[in-house]
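Close look at the chain arrangement
Each chain, letter by letter, is given below.
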Amino acid sequence: QIAADIRSTATQGATPTVRVANLKAKVPSTTEEGFERLLGEKTGPMLVCADCSEIGGAEACSMLEELAPLRSVAREVLGEEIVIPACLRDPQTLSLTSIRGGASGLNKLKSPDCMLFSGMQPLLALSGHSDYYIASLSNEEVTAQFPAFRIPILGSFDLRQATVKAI
C-alpha cells in the first residue's frame, strides 16, 4: 500500500494537489489501522486504485468506511464496474483457468479492481469488452487476453473544476 501527493508544475495558476493511493482493500479488524494514515486528511482531489478481491469485488468497496465517500470512475462513466473472468488456480500445475457456470457453460465474471475518486470531474474510463464477449471466451482465449486475470483500469479527470473542500 502506497500513497503520494502529485502536483503539476506545467500549468499556469493554482494547480490542486491530488492524493493518489494504491491499496488492497480488506475488512479491518479491531487491532489494525484502517486507511486513515494512507489517505490523509481528504481535503482535496483524491484518486484511489484498489484491489477489492478480498472483500467481494469493486461493488463491495463502499462497505469500508474510508472508501465509502469515494465514487467509482467506471460506475460514473460506464454505468457499471469493469469485469474480467473469474479464475481458479490449479493446485498441481499452479496455472490459472477460468471458472465456467454449470448450466450455461459461460465464464463467471467478477470485478476485483476499481478506481475511486473525489474532488474531480471524470472524463473517460477504459471500458474493456462487453460482459457477453468475456463470458463467451474459450479458456484458451481467456488466458491469452487476461494472462494475470486482471485488467488495467484507465481513467481521465478534469482538474480545472477540482474541489479543495473535505469530503
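Up top is the structure.
Read on for a plain summary of the structure. (Residues numbered from 1 in each chain as written. Predicted model: local features only at pLDDT ≥ 70, side-chain atom pairs only at ≥ 80, totals over all residues. Heavy atoms only, no water.)

When its secondary structure is counted, the chain shows 4 helices and 11 strands. Taken across its 167 residues, the chain has 35% of its residues classed as buried. Contacts in the chain between residues far apart in sequence, at least 24 positions, make up 70% of those at least 6 positions apart. Taken as a whole, the chain presents about 9,800 Å² of accessible surface, with 53% of it coming from carbon and sulfur. (Helix = DSSP H or I, 4+ residues; strand = E, 2+ residues; numbered from the N terminus. Buried < 20%, exposed > 50% of the residue type's maximum accessible area, 1.4 Å probe, protein only. Contact = heavy atoms within 4.5 Å. Areas by Shrake-Rupley, 256 points an atom, 1.4 Å probe, with all protein chains shown as cover.)

The next point concerns the nonpolar core. What tends to happen in soluble globular proteins is that the nonpolar side chains get buried as a cluster. If you look at the biggest cluster of nonpolar residues, it comprises 18 residues, and the most contacted ones within it are Leu-23, Val-48 and Leu-67. Of all the secondary-structure elements, those providing two or more residues to this core are β2 (18-24), α1 (36-39), β3 (46-51) and β9 (113-118). A total of 3 residues in this core trace back to one element, the largest contributor, which is β3. Counting residues in hydrophobic clusters, the runner-up holds 10 residues, among them Ala-74, Ile-82, Val-142 and Ile-151. (Core = buried A, V, L, I, M, F, W, Y, C linked by side-chain atoms within 4.5 Å.)

For the rest of this paragraph, the subject is the sheet that holds strand β4 (residues 71-72). Reading across the sheet, the 5 strands line up as β1-β2-β3-β9-β4 and stay open at both edges, with mixed pairing between neighbours. In this open sheet, the two edge strands, each paired with only one partner strand, are β1 (2-6) and β4. Sheet analysis places β2 next to β3, joined by 6 bridges and oriented parallel. Bridging from a neighbouring strand, Leu-23 pairs with Ala-50 of β3. (Pairing = 2+ DSSP bridges.)

Looking along a regular strand, one sees the side chains alternate between the two faces of the sheet. Note that β1 and β2 share 5 bridges and pair antiparallel. The residue bridging Ile-2 from the neighbouring strand is Asn-22, located in β2.

Next up on the list: the packing of aromatic side chains. Under the definition given, this model contains 1 aromatic pair. Here the aromatic rings of Phe-117 and Phe-157 are separated by 5.2 Å at their centres, their planes lie at 50 degrees, and the arrangement is tilted. One end of the pair, Phe-117, is in strand β9; the other, Phe-157, is in strand β11 (residues 155-158), with 40 residues separating them in the sequence. Residue Phe-117 shares its accessibility class with Phe-157, and that shared class is buried. (Phe/Tyr/Trp six-rings, centres within 6.5 Å; stacked < 30°, edge-to-face > 60°.)

For β9, the buried fraction is high: 6 of the 6 residues fall into the buried class. Direction of pairing for β3 relative to β9: antiparallel, over a ladder of 6 bridges. The residue bridging Met-46 from the neighbouring strand is Ser-118, located in β9. Two strands pair when backbone bridges link them, and β4 and β9 are joined in this way by 2 bridges, in the antiparallel orientation. What sits directly across from Arg-71, in β9, is Phe-117.

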